[in-house]
Amino acid sequence: MTGACPRRSMAAVWMLIAMVACRESVQLEELIEPAGLDQAEASVSRGYSERASRLATLLERQDRGDPVVSAQLLAAYSDFGRWLFAYQYDESAAPLLRNAWILAPKDFQWPYLLSMVAQRSGDVELARSLLEETLELEGNYIPAVTELASLAAGEGDTAEARRLLGGASAVPRVLFELAQLDISEGDFETAKQRLEQVVTSQPESTAAHQSLGIALRSMGETEQADQHLELAAVKIGKSEGLVVPSQDDSVVSGAMALREDSRRLVERARRLARTGEGDRAMALFERAVAAAPKSVVPRVAFARFLAEQGRGPKAVKVLSEALEIEPGNTQARLQLARILSRDGNLEAALLHLERVVTEDRRNGEARGLLARILEHLGDRSGARAQLLELLEVDPGSVVAYQRLTRMSMADGDCSEARRLVDRARGLHPQERAFDYRAVWLTATCESSIAAFEAAERVLGKLQAAGSAVSSGMVEVHWVEYKAALASAAGRWREAVRLQRLVVERLRVEGKLSGRVRAATEGRLKAYEAGGKVPRQFGPPLEYGVFMAPVE
């Protein structure tokens, strides 16, 4: 334990706080030590001990009437109470938050946080009362308005909910709450208009996508409805819960920022990494690993970050440590296989992937990567077997259809390739790669200049009809496809020009590295030499969806 009284146990610190509190001019409630701290992560226990010791030291002082000491005491109650709230030790947080409110009676955050505690315990009446007090102190605090409106709607008082929301700014959370009322009253058109604004400004909101899907389905717009419901389902799988639109809840977010557990540190590190602050992200990832020395999750996240930073050897070390902790963790083993394969250590990656698919037969990502590695190592039958297994567990797997088609074409089996492409197009009418493959299949099976020229015309019509977007990686694939067709027709200068565009776009997208670089630049050199592309410079494993010209 750290702080002014390092030898005190946690229980002794709480007893001291309770005893000293009884001597305050304002009677404070007896404080209760949170249950389960002995099982908590080391960082949680440490954070609790430091805050408890700091508060006990301040309460022992005899000059609590001093403004400076009172300010320090308020800061201690504030920090400790919000910290306990963040970890959901609500029974222990409540008296500390109330004490902070006594010392700062005009600060709206205390009744607001206490209302959140009341809601979590199921005391709706107390929560409503506290939210009303919050708005008396800060009438424009939108999170309190939406929470109060939500409570009213939950009890069927939609008129009161609308009255509350009608006086608030039209921010995403308010629009979302109004849309819920619209749906409950059958006004799906208005709900649709509000929710479309929400998902435009906050596309990650699973709750908004789900509600929009419900509204659209009720209006008979089933195709659009299914798209939003599918988006919600995918995002829920990643976020493990519905995410309501952000309402800039500074009080709760400020409290949650006090959490120094592994999960929260990982979240903060990921945000920093996305904004390009790699050094700060690195430090937070290391703290996350230290905060949970027996957990695999922060190590997998850290390794992914290291791999993205080009620090493969360190990422391998971190994942190896994770597998020492939990040898059966398929996520760690799959991530390790990805990094090893990216660095060219295919045999080692193969061993890890074989164990993953043995322990998790339905792991489609592992089977797809295993098939690519087996094919590269020359085991085409093994690769095909893995792809067929993948189709058994995921009958619509785009990866499996793409690679099986590629292998059939490389074997000269045009009828099998055609069967696979036709089936894939039926399952995935929106997947443009299969439209391109159908064009290329016709051209390569006929293997004539006229066929290639016809394929180019069809490809142009596909793009003109909107079958291919005009930006991003799909456009890269389209240009590379055009280069391959041009080379097959003997127009080498045009092929070189187009392939150079591909190389430049991949460099801008940050995808020109490793095997992608070798394959992409290998095709360019072949075009420059005026010859057809050698087989080893076929589509890159990481991004290619096109066939190399027939030799």
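Here is what the cut-offs are and how they apply
Residues numbered from 1 in each chain as written. Predicted model: local features only at pLDDT ≥ 70, side-chain atom pairs only at ≥ 80, totals over all residues. Heavy atoms only, no water. Helix = DSSP H or I, 4+ residues; strand = E, 2+ residues; numbered from the N terminus. Buried < 20%, exposed > 50% of the residue type's maximum accessible area, 1.4 Å probe, protein only. Contact = heavy atoms within 4.5 Å. Areas by Shrake-Rupley, 256 points an atom, 1.4 Å probe, with all protein chains shown as cover. Phe/Tyr/Trp six-rings, centres within 6.5 Å; stacked < 30°, edge-to-face > 60°. Salt bridge = Lys/Arg side-chain N within 4 Å of Asp/Glu carboxyl O. Core = buried A, V, L, I, M, F, W, Y, C linked by side-chain atoms within 4.5 Å. pLDDT = per-residue confidence, 0-100. Polar contact = N/O pair within 3.5 Å; in protein donor to acceptor, adjacent residues only side chain to side chain.

Caption draft 1: Focus on the overall build of the protein chain. Across its full length, the protein chain carries 28 helices and zero strands. In the protein chain, which comprises 551 residues, the share counted as buried stands at 49%. Contacts in the protein chain between residues at least 24 apart in sequence constitute 53% of all its contacts with a sequence separation of at least 6. Total accessible area computed for the protein chain in this model is approximately 26500 Å², and 51% of it derives from carbon and sulfur atoms.

Caption draft 2: Just the packing of aromatic side chains, in detail. One pass over the full model with this rule turns up seven aromatic pairs. Here the aromatic cluster, defined as three or more aromatic residues joined through ring pairs, consists of Tyr 48, Phe 80, Trp 83 and Tyr 87.

Caption draft 3: Focus on the pattern of salt bridges. Tallied over the entire structure, the rule returns 24 salt bridges. Between Glu 221 and Lys 192 there is a salt bridge, with the nearest N and O atoms lying 3.5 Å from each other. On the criterion of sequence distance, the pair formed by Glu 221 in the loop between helix 11 (206-218) and helix 12 (222-239) and Lys 192 in helix 10 (residues 188-201) is long-range, its members being 29 residues apart. For Glu 221, a relative accessible area of 25% corresponds to the partly exposed category. Under the relative-accessibility criterion, Lys 192 is labelled buried at 14%. Between Arg 217 and Asp 226 there is a salt bridge whose closest N-O contact spans 2.3 Å.

Caption draft 4: A look at the nonpolar core. Formed by 56 residues in total, the largest nonpolar core has its most connected members in Leu 55, Phe 80, Trp 83, Phe 85 and Tyr 112. Ranked by residues supplied to this core, first place goes to helix 3 (residues 67-86) with eight residues. With sequence-adjacent residues up to four places away left out, Phe 85 is seen in contact with Asp 90, Ala 93, Leu 113, Met 116, Val 117, Arg 120, Val 252 and Ala 255. Counting 53 residues, the second largest nonpolar core, distinct from the first, contains Met 282, Ala 291, Leu 346 and Val 393.

Caption draft 5: Structural view of the environment of Phe 80. For Phe 80, the location among the structural elements is in helix 3. It is 8.0 Å that separates the C-alpha atoms of Phe 80 and Tyr 48, two residues lying 32 residues apart in sequence.

Caption draft 6: Region of the structure containing the confidence of the model for the protein chain. Averaged over all residues, the pLDDT of the protein chain equals 78, while 77% of them reach at least 70. Note that pLDDT drops below 50 for residues 1-27; the model gives that stretch 56 contacts with residues more than four away or on any other chain. The low-confidence segment residues 533-551, where pLDDT is below 50, has 64 contacts with residues more than four positions distant or belonging to other chains.

Caption draft 7: Representation of the side chain of Arg 403 within the structure. As for its placement among the helices and strands, Arg 403 is situated in helix 22 (residues 398-410). Within the structure, Arg 403 has its side chain in polar contact with the side chain of Glu 375 (distance 2.9 Å).

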